[in-house]
Amino acid sequence: MNLWEIDIYPAAGQPDLLGRNVGADAAELGICQDLEAQSVCGFLVQGDLNEAQANQLANELFADGVVQRTVVAPVGDQRLNQPPSAGSRLVHVLPKPGVMDPVAQSAIEAISDFGFQADAVRTLRKYWLP
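Draft legend 1. Structural view of the layout of surface pockets. For the largest pocket, the calculated volume is near 230 Å³. Every residue lining the largest pocket is counted, 14 residues in all, and those nearest its centre are Pro10, Pro15, Leu17, Cys41 and Gln68. Secondary structure elements with two or more residues in the lining of the largest pocket: β1 (2-10), α1 (17-28) and β2 (38-47). Of the residues assigned to the lining of the largest pocket, the class counts are nine nonpolar, three polar and two charged.

Draft legend 2. Looking closely at the confidence of the model for the protein chain. Here the protein chain averages 92 in pLDDT, and 100% of its residues register 70 or above. For the protein chain, per-element mean pLDDT is lowest for α1, which scores 88, and highest for helix α2 (residues 51-62), which scores 97.

Draft legend 3. View of the packing of aromatic side chains. Scanning the entire structure with this criterion turns up three aromatic pairs. Seen in terms of ring centroids, Tyr9 and Trp128 are 6.2 Å apart; in terms of plane orientation they differ by 25 degrees. Their pairing is stacked. Here Tyr9, found in strand β1, pairs with Trp128, found in strand β5 (residues 118-129); they are 119 residues apart in sequence, far enough to count as distant. The pair formed by Tyr9 and Trp128 is uniform in burial state, with each residue classed as buried. Arranged with centres 4.0 Å apart and planes meeting at 25 degrees, the rings of Phe43 and Phe62 form a pair that is stacked. Here Phe43 is found in strand β2, whereas its partner Phe62 is found in helix α2, with 19 residues between them in sequence.

Analysis parameters
Residues numbered from 1 in each chain as written. Predicted model: local features only at pLDDT ≥ 70, side-chain atom pairs only at ≥ 80, totals over all residues. Heavy atoms only, no water. 1 Å grid on protein atoms, 1.4 Å probe; cavity = no way out; pocket = protein on both sides within 12 Å on 5 of 7 lines; lining within 4 Å. Points joined across faces, edges and corners; volume = space filled by probe spheres on them. Helix = DSSP H or I, 4+ residues; strand = E, 2+ residues; numbered from the N terminus. Nonpolar A, V, L, I, M, F, W, Y, C, P; charged D, E, K, R; others polar. pLDDT = per-residue confidence, 0-100. Phe/Tyr/Trp six-rings, centres within 6.5 Å; stacked < 30°, edge-to-face > 60°. Buried < 20%, exposed > 50% of the residue type's maximum accessible area, 1.4 Å probe, protein only.

Written out as structure tokens, the structure reads:
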């Protein structure tokens, strides 16, 4: 049983819309006027998957290769925590335990359409804050 993290970044030259939204929300709440957050959305996938299968899911199911790029690695791998810019702090955000995660539930069903077995899927967001 493996636990894979599939991170989905904006492709080079594409805007980080989620990061922009965090900056706009911070300004609206009076926290910071010029917050330049960088963000990633992604998935934790637990199951009997090898690296090739995890990469196939990342590229064919989770990401749009035209405007996004992926990083796929076992949870805990340092490649998953590389800051886009120096001096930023990483914050992970996951749904609260017990809260419905309909995107994750749909992903489990879609993974089975690939002929793979996933025991659990969870969505996540990561933010790098200056």
